[in-house]
Amino acid sequence: NSVTTEHTLCLLCQESIDTSRLLHNPTRGLEDFRRYPDYETLEASSLAGGCHLCSLFLGKIQQQQQPTTWPITIMLQISRSGGMTLSIQAGETGSQREGYLAIVPANDVENPTTSISTSAKFTFPSPSSYENARIAKSLASEASVSLAREWLQQCLQKHHKCTEAASVAWITNGPSRLIDVGGDDGAEPRVVITQELGKTGLEYLTLSHCWGGAEILRLLVENVNSLKAGIPVTTLPKTFQDAIVITRRLGYQYLWIDSLCILQNSTSDWRSESAIMGEIYANSICTIAALTARNSHEGCFFDHARNPLSFRPCRILDRWYVEANSNIGIDLRMGLSPLPLHTRAWVVQERILAPRTLYYGSTGLAWECTECSATEAVPEGEVSRFSPKASFFGIQKQADEEKYDAWTVIQISYTRCALTRFDDRVVALSGVIKWIEMLTGWKNVWGLWREWLLIDMLWFVEEATGGRPKTNEYLAPTWSWMGVEGRVMKAIGGGERTRWTADVIEVGLLGELGYVRLRAMMRRVKCTTEWKLNPGIETPVPKWEEVDWDPDVMLTTGDLEREMWCLLIARLPEYLGAGSQAFDIGLVVALKEGDRWVRVGIFRQLREGNVLFPENVANTVEVAIV
């Protein structure tokens with residue numbers, strides 16, 4: 001009973017098929033096929049009753065991620081060209097469309113036992129090695145464990161890129177603590193001090209998960225001795241319990257979980273351990289990732305929510321199949337929205353630096369390593385063009401410009417994600433930054449690269465938020481993107497033809513404040529009621545002379561008529577094509593106090609008409625921005 005049975009139908013679905021006029025005599029038309037009085041009836045027939053067709057309908061509705069009205073009506077339609085679909089509609093009038101499933105000829109359905117290509121990254125002794133995992137009711141089943149174990153062992157034995165990635169170990173001590181997961185003999189999990197184990201080259205797994213604001217057991221100064229003695233499994237949230245089971249069944253003894261291996265109420269322990277968080281993942285054998293769990297209580301196995309039949313085609317007559325819903329792809333996405341785990345900022349470096357990641361979720365089992373990605377649907381694995389793990393380790397052999405472009409992609413992805421504590425903005429990406437510093441010899445200053453500082457400062461926030469977040473300690477200067485919320489984008493790419501009109505004199509500290517001293521041309525402006533920058537300080541100027549800009553934070557009425565200055569950083573010749581005008585771009589700054597300035601945004605201006613800056617660089621000044 002650990003696997004579901006495909007093509008099994010409930011009595012009502014079977015009756016709908018038997019009595020359908022259009023199915024047995026395909027001609028253009030429309031007919032009522034099936035009706036559910038409410039969502040609960042459909043869910044019960046699918047999950048409890050095991051009806052394959054009901055599972056397909058339920059899966060399609062769940063993918064819409066919106067409340068469903070009732071009743072639910074399934075309409076069978078045959079078009080003029082002969083295409084057959086089952087349309088899912090909700091509400092008394094059927095006004096809420098939930099999508100459709102195509103009915104296709106049996107010989108068009110891909111045979112799931114098709115032999116795997118010779119270029120496969122993983123090979124299997126028989127198709128049953130992965131076929132049973134596809135229809136397993138729970139990811140705790142032996143079929144799922146067997147597939148996960150096969151991926152891990154073959155990667156460890158055969159994937160040279162992954163071995164090379166895992167060998168990039170730039171720490172010697174590793175994590176201070178681990179979880180000894182105990183065993184099937186009843187031994188409880190417990191916290192262990194790694195130095196006390198007296199072992200070198202300790203093999204361990206890591207957990208990547210969403211806390212989701214859930215109240216969970218945490219390692220504290222007060223309970224550390226108790227947790228070293230033993231942790232009753234029932235006191236752990238479901239995700240932790242499942243990760244311990246996975247670790248045991250994969251054949252490993254130790255697991256690292258952030259909330260149980262770092263003292264959560266010790267500032268010094270948090271600082272020392274969080275600083276090497278990236279290295280902890282990089283040095284692990286494999287990371288267990290709870291991909292679709294929104295908090296620590298939802299678990300990895302999804303025993304009650306997994307619906308494998310919704311991703312399998314269903315035979316309804318000898319000659320017809322209903323197509324399956326699309327499941328998670330090789331790029332580990334479903335649709336355009338990222339899955340819950342990949343909305344968490346800490347996970348960006350966890351995903352990139354861990355040489356191997358095993359994903360668990362309601363979408364099934366998936367794998368990602370430096371060499372390839374795999375899913376239940378594509379168990380043999382293939383190279384994913386969208387894998388940040390593979391892309392990141394591939395930059396070692398690339399030119400500096402390509403390395404910088406790869407960093408930009410990481411930066412954009414990171415700023416799209418959420419942090420529970422904005423104070424973690426720098427440290428949550430520090431592992432990736434250290435790795436790039438080690439690889440290139442570049443120096444990072446508050447999230448920007450000293451060797452690329454002019455182009456690196458030309459960032460903007462896609463949708464500015466209200467004010468810079470307050471933090472307990474100093475985080476970053478105003479010219480660093482680390483201090484603002486929202487998705488950060490680059491105004492110009494590394495490959496664009498650029499004439500730099502400013503120079504970096506020095507970067508350093510004024511007390512505790514980071515600063516950059518630039519030499520550049522400046523022009524005074526004011527913010528207008530239309531949120532443009534107007535260079536006409538004393539006299540009005542034509543509207544076309546006003547300058548577009550992107551403020552770093554959401555503007556308020558207090559910014560109207562505020563005096564600011566534009567600082568020219570770069571000029572892009574023939575910006576719109578051969579023979580076109582150049583494009584000026586730079587920072588918008590305001591005087592803070594004394595001779596210290598702060599960044600407030602970025603400006604852009606096409607060089608036509610009366611522009612802010614002259615053609616030749618002249619009358620430059622030195623400005624210290626903090």
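Computed from a predicted structure; not experimentally measured.

Enquirer: Please provide a residue-by-residue account of the overall build of the protein, values included.
Expert: In terms of helices and strands, the protein carries 18 helices and 28 strands. Over its C-alpha atoms, taken along the principal directions, the protein stretches across nearly 85 × 70 × 45 Å. Residue burial in the protein is summarised as follows: out of 626 residues, 52% are buried. Long-range contacts, defined here as pairs at least 24 residues apart, represent 69% of the contacts in the protein between residues at least 6 apart. Total accessible area on the protein stands at roughly 27,900 Å², and carbon and sulfur atoms take up 49% of it. Charge centroids of the protein, computed over 61 positive and 74 negative side chains, lie 1 Å from each other.

Enquirer: How would you sum up helix 12 (residues 267–274)? Please name residues and give values.
Expert: Along helix 12, the positions that sit buried rather than exposed are Asp269, Glu273 and Ser274. Along the axis of helix 12, the buried positions cluster into a sector of 110 degrees, meaning they face one direction only. In helix 12, those exposed residues whose orientation departs by more than 90 degrees from the buried face are Thr267 and Ser268. Contacts from the buried residues of helix 12 go to strand 5 (177–180), helix 13 (277–282), helix 14 (346–353) and helix 17 (430–440).

Enquirer: Kindly report on a negative patch on the surface, identifying the contributing residues and their values.
Expert: Taken together, the side chains of Asp400, Glu401, Glu402 and Asp405 make up a negatively charged region of the molecular surface. Relative to the elements of secondary structure, Asp400 occurs in helix 16 (residues 400–415).

Enquirer: Can you lay out the side chain of Arg607 for me, pointing to particular residues and giving the numbers?
Expert: Along the chain, Arg607 turns up in the loop between strand 27 (596–606) and strand 28 (621–625). Relative accessible area serves as the criterion here: at 10%, Arg607 is assigned to the buried category. Within polar-contact distance, the side chain of Arg607 engages the side chain of Asp584 at 2.7 Å. At a separation of 2.9 Å, a polar atom in the side chain of Arg607 contacts the main-chain carbonyl oxygen of Phe613. Those residues in contact with Arg607 that sit more than four places away from it in its chain are Arg571, Gln581, Ala582, Phe583, Asp584, Phe613, Pro614 and Glu615.

Enquirer: Give me unusual backbone geometry: which residues, what numbers.
Expert: With glycine set apart, most residues show a phi of negative sign, and most peptide bonds adopt trans. The omega torsion across Trp70 and Pro71 is 0 degrees, close enough to zero to call that bond cis. For Pro71, the location among the structural elements is in the loop between helix 4 (52–64) and strand 2 (72–78). Even without being glycine, Trp446 reaches a positive phi, approximately 50 degrees. Structurally, Trp446 can be placed in the loop between strand 15 (444–445) and strand 16 (448–449). At Asn619, a residue that is not glycine, the phi angle is positive and equals roughly 55 degrees. Relative to the helices and strands, Asn619 is located in the loop between strand 27 and strand 28.

Enquirer: Can you tell me about the sheet that holds strand 12 (residues 356–361), naming the residues and giving the values?
Expert: Pairing is mixed in the open sheet, where eight strands are placed in the order 6-5-8-7-9-12-13-14. The open sheet has two edge strands, strand 6 (190–193) and strand 14 (373–375), and neither has a second partner. For this sheet the average axis-to-axis angle between neighbouring strands, irrespective of direction, equals 30 degrees.

Enquirer: Could you give me a rundown of the sheet that holds strand 1 (residues 29–36), with the residues and numbers involved?
Expert: Overall, antiparallel pairing links the six strands, which are arranged 1-2-3-4-11-10 in an open sheet. Strands with a single pairing partner mark the edges of an open sheet, and in this sheet they are strand 1 and strand 10 (314–317). Taking each pair of neighbouring strands and ignoring which way they run, the sheet shows an average axis angle of 30 degrees. Helix 1 (residues 11–19) rests against strand 1 and strand 10 of the sheet, and its axis sits at about 165 degrees to strand 1.

Enquirer: Give me the packing of helix 16 against helix 17: which residues, what numbers.
Expert: Remark: helix 16 packs on helix 17, axes separated minimally by 12 Å, with the N-to-C direction vectors making an angle of 180 degrees. Here helix 17 runs roughly antiparallel to helix 16, going by the angle between their axes. Every residue of helix 17 that contacts helix 16 at Lys403, Trp407 and Ile410 is listed here: Val432, Ile433, Ile436, Leu439 and Thr440. Looking at the contact of helix 16 with helix 17, its residues break down into six nonpolar, one polar and one charged.

Enquirer: Report on the pairing of strand 25 (residues 563–572), specifying residues and quantitative values.
Expert: Of all 10 residues making up strand 25, eight are buried, and the element is well covered by its neighbours. Here two bridges tie strand 19 (residues 499–500) to strand 25, and the two strands are oriented antiparallel to one another. The partner of Trp500 across the bridge, within strand 25, is Ala570. Across five bridges, the pairing between strand 22 (residues 522–527) and strand 25 is antiparallel.

Cut-offs and rules
Residues numbered from 1 in each chain as written. Predicted model: local features only at pLDDT ≥ 70, side-chain atom pairs only at ≥ 80, totals over all residues. Heavy atoms only, no water. Helix = DSSP H or I, 4+ residues; strand = E, 2+ residues; numbered from the N terminus. Buried < 20%, exposed > 50% of the residue type's maximum accessible area, 1.4 Å probe, protein only. Contact = heavy atoms within 4.5 Å. Areas by Shrake-Rupley, 256 points an atom, 1.4 Å probe, with all protein chains shown as cover. Lys, Arg positive; Asp, Glu negative; His and termini not counted. Charge placed at Lys NZ, Arg CZ, Asp CG, Glu CD. Arc of directions from axis to C-beta. Patch = residues over 30% accessible without salt bridge, like charges linked within 9 Å, V, L, I, M, F, W, Y side chains within 5 Å. Salt bridge = Lys/Arg side-chain N within 4 Å of Asp/Glu carboxyl O. Polar contact = N/O pair within 3.5 Å; in protein donor to acceptor, adjacent residues only side chain to side chain. Pairing = 2+ DSSP bridges. Axes fitted to C-alpha atoms, helices over the stretch in contact; angles between N-to-C directions. Parallel < 35°, antiparallel > 145°, perpendicular 65-115°, else oblique. Nonpolar A, V, L, I, M, F, W, Y, C, P; charged D, E, K, R; others polar.

Any link to function would need more than the numbers given here.
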